[in-house]
Amino acid sequence: MAQAQLAQGQAPLLAVNDVSVVFGGIIALNGVSFDMHKGQILGLIGPNGAGKTTLFNCLSRLYQPSKGDILMEGSSILTRPVHRIAEIGIGRTFQNVSLFQNMSVIDNVRIGMHSHTTTDVVSDSLQLPAVRRTEAAINARVGEIIDYLDLNDVAARVVAGLPFGTQKRVELARALAAEPKILLLDEPAGGLNHEEVYVLGDMIKRIRTDRNITVLLVEHHMGLVMSIADHVVALNFGRKLAEGTPAQVQQDPDVIKAYLGSKES
Amino acid sequence: MTTAHETAPAATASKKAAAAAAPSMNIARVASLITLALLLLVPLFLKNFYIFQMTQWLIYAIALLALNILTGGSGQFSLGQSAFYAVGAYTAAVMMEILGVNYALTLPVAGLICFVFGFLFGLPALRLSGVYLALATFALAVAMPQVLKLHFFESWTGGVQGLVIIKPDPPEFLKTIGLKVSQDMWLYYFTLVVGIGIYIASVNLLASRSGRAMMAIRDNQIAASAMGIDVPLYKTLAFGISAGITGVAGALGAIAVAFVAPDSYTIQLAIALFLGMVIGGVGWLPGSLAGAAFIVFVPNIAESISKGLSGAIFGIILIVIIFLVPHGARQVAYMAQHLIGKIGKSS
Ligand SMILES: Nc1ncnc2c1ncn2[C@@H]1O[C@H](COP(=O)(O)OP(=O)(O)O)[C@@H](O)[C@H]1O
Ligand SMILES: [Mg+2]
């Protein structure tokens, strides 16, 4: 919390300004605005269908907002194609794990470095010295991340068939390989048991501190958000319902109503 | 970026991964060395006709490798490889017979022309996937022989008749150092060298950044783009590379057969190549040799069993293989590796 308050004075790292998204007749997001500051863990909560994943997909340019703007370090990301988001430091995981299932764990993590490397098909085919240098750099970094997330035992294994919890860690490793400034985590606790959620919370805090990464955490699991987030934004039916410290948001009557109404914990 | 703190764990991680893969790596290495030795030595003891068949086998293996990069690598289907093969073959034929260019020089040109052709074809094909892409490539394969027959190109292509090519002689220096090498044997070793070069380049490609990008697209396009991979670019590149290599195979085929004609490159060739890829194991490059052996030799075997029913026998063999080992030669290799591993452990 101290970090977040300290950052309040500076320009935001990421600014979501009045973003709306419409699918056919459904308004998935309706004029949502909030700022993220460097070093924050920002929790984004809301019942199912509130628009959390839609917002994520706008941040990673999979969806185009019909209105509003998204600024990363002051410049709009909306002019960028989807494959040029990783390079400006926005990394993500997916709600239901989107790994490269037929590839090894280590290759999945290597692909995380795609946006930081530049070799082309000709030099790759000929294994030119530049390629060997690049691959050595990739392997050094990937090895470090695999150690960091304790994936050594499965590094050479193909992803398909690994336990769900392990796959989630692989996805996190892949995202970290891109050295993001902001890490978007879409329901990382989904499908994990109580113990695992606790470990995950610690890991997210550790990542923020060790690696200087700002985290946007979408979660259903209120306990997790409330215990690790510095700042919380609550959505419902595509609108921002409340924003503030975890304690403030938790006591907000609208938030309580939305969560009781949808029977979510 | 690599401080001492970072490289130390990296080294342990890669060492552990290497240790885990070590026994299978050794078996694979021994197997490739044996294969290479056989490829080098066997033709020395064969009659020219059989050497010619082995050359055909290698050429199809190169074409299968190309299809494997496209389908196994980037996840795109093609029933149109015969079209690229044809363009490569005609490029070689026209260059040699009409422009008088040396046969060896036709290969890079055929590769380049087919790369561009494949890349351009890949652009509109980006809108298609799965069976629809297969259909579009199918249309390409069906159209190609007719295009080659067009009156408009006849002065170059020879129209329906095609072009006869003069088979290249072995280089003079072989004779001066006292080696007697037949045309067929020379072409075999020429093809082998080209094939090994293409194989090594393909393995390199798939083991580095660009190849991983293609495989990522094969497995999950949305995640690939979120990782910074330019999906349309790599998809079209895969098409271009696959077409380029197929073009080289086509050029080699034209030189070896010493003849090109539109009806040598029908949809039947494209289907045979598709079949060969499945038999070899999709995405497994060494399987290209097995797949090519199937499409070159099994029809002959079927014919030797019964002339009248050769098609039916071919079909039965195919079904039995698909039934027993749906993943083709890759699966056989995998089982063999396990077996050898077990024997190695128990002894
Ligand atoms: N690609 C899409 N096409 C149509 N509707 C969508 C699409 N993605 C999300 N929606 C709709 O937008 C709303 C918000 O969904 P989502 O962002 O997934 O919610 P959350 O992640 O908060 O559970 C839902 O009503 C959902 O049905
Ligand atoms: Mg969601």
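Relevant structure appears above.
Before going into details, it helps to say that this report is about the structure given with it. These numbers come from a predicted model, not from an experiment. (Residues numbered from 1 in each chain as written. Chains lettered and ligands numbered in written order. Predicted model: local features only at pLDDT ≥ 70, side-chain atom pairs only at ≥ 80, totals over all residues. Heavy atoms only, no water.)

### A word on the pairing of strand β1 (residues 14-23) of chain A
Residue and element names in this part refer to chain A.
- Direction of pairing for β1 relative to strand β2 (residues 26-36): antiparallel, over a ladder of seven bridges. Paired with Val16 across the two strands is Phe34, which belongs to β2.
- Between β1 and β2, which follow one another and run antiparallel, lie two residues, and Gly24 among them has a positive phi close to 55°.
- In terms of strand pairing, β1 meets strand β4 (residues 67-72) through five bridges, oriented antiparallel. Of the residues in β4, the one forming a bridge with Ala15 is Leu71. (Pairing = 2+ DSSP bridges. Helix = DSSP H or I, 4+ residues; strand = E, 2+ residues; numbered from the N terminus.)

### Some remarks on the coordination of the magnesium ion (ligand 2)
Residue and element names in this part refer to chain A.
- Bound to the magnesium ion (ligand 2) on the protein side are Thr53 (OG1) and Gln95 (OE1), at distances that span 2.0 to 2.2 Å. Of this pair, Thr53 sits in helix α2 (residues 52-59) while Gln95 sits in the loop between β6 (90-92) and α3 (105-111), and the two are 42 residues apart along the sequence.
- Note on Gln95: relative accessible area 29%, which makes it partly exposed. (Donors = N, O, S within 2.8 Å, 3.2 Å for Na, K, Ca; no water. Buried < 20%, exposed > 50% of the residue type's maximum accessible area, 1.4 Å probe, protein only.)

### Side note on the sheet that holds β6(A)
Residue and element names in this part refer to chain A.
- An order of β6-β7-β8-β3-β9-β10 is seen for the six strands of this open sheet, with the pairing classed as mixed. Two strands close off the open sheet at either side, each with one partner strand: β6 and β10 (239-244). The average angle at which neighbouring strand axes cross in this sheet is 20°, direction not considered.
- In this sheet, strand β8 (residues 214-218) lies alongside strand β3 (residues 41-45) in parallel orientation, the contact comprising four bridges. Bridged to Leu44 within β8 is Val218. (Axes fitted to C-alpha atoms, helices over the stretch in contact; angles between N-to-C directions.)

### Overview of the packing of aromatic side chains
- Under the criterion given, the structure shown has 16 aromatic pairs over all chains.
- Ring plane angle 70° and centroid distance 5.2 Å describe the contact between B:Tyr103 and B:Phe190, whose orientation is recorded as edge-to-face. Pair noted here: B:Tyr103 is in helix α4 (residues 103-125) and B:Phe190 is in helix α8 (residues 183-206), with a separation of 87 residues, a long-range link. Accessibility assignment for this pair places B:Tyr103 and B:Phe190 in one class, buried.
- The rings of B:Tyr60, B:Tyr85, B:Tyr90 and B:Tyr265 are connected pair by pair, giving a single aromatic cluster.
- Seen from the ring of A:Tyr148, A:Arg206 lies directly overhead, with NZ or CZ sitting 5.0 Å from the centre.
- Across the ring face of A:Tyr148, the terminal group of A:Arg211 is positioned such that the distance to the ring centre comes to 4.2 Å. (Phe/Tyr/Trp six-rings, centres within 6.5 Å; stacked < 30°, edge-to-face > 60°. Lys NZ or Arg CZ within 6 Å of the ring centre and 35° of its normal.)

### What to know about the pairing of strand β7 (residues 182-186) of chain A
Residues and elements named next belong to chain A.
- Among the five residues in β7, five count as buried, and that is most of the element.
- Pairing between β6 and β7: three bridges, direction parallel. For Gly91, the partnering residue across the bridge sits in β7 and is Leu183.
- For the crossover that starts at β7, traverses helix α7 (residues 194-211) and ends in the parallel β8, the hand is right-handed. (Right-handed = clockwise from strand over helix to strand, strands pointing away.)

### Digging into the site of ligand 1
Residues and elements named next belong to chain A.
- Around ligand 1, the structure places Phe23, Ala28, Pro47, Asn48, Gly49, Ala50, Gly51, Lys52, Thr53, Thr54 and Tyr63.
- Separating an oxygen atom of ligand 1 from a backbone N or O atom of Ala50 is a distance of 3.2 Å.
- Between ligand 1 and Gly51 there is a distance of 2.9 Å, counted from an oxygen atom to a backbone nitrogen or oxygen.
- Here ligand 1 has 560 Å² of accessible area as a free molecule, and 65% of this is covered by the chains.
- A per-element tally of the shell around ligand 1 places α2 first, with three residues. (Near = heavy atom within 4 Å. Polar contact = N/O pair within 3.5 Å; in protein donor to acceptor, adjacent residues only side chain to side chain. Areas by Shrake-Rupley, 256 points an atom, 1.4 Å probe, with all protein chains shown as cover.)

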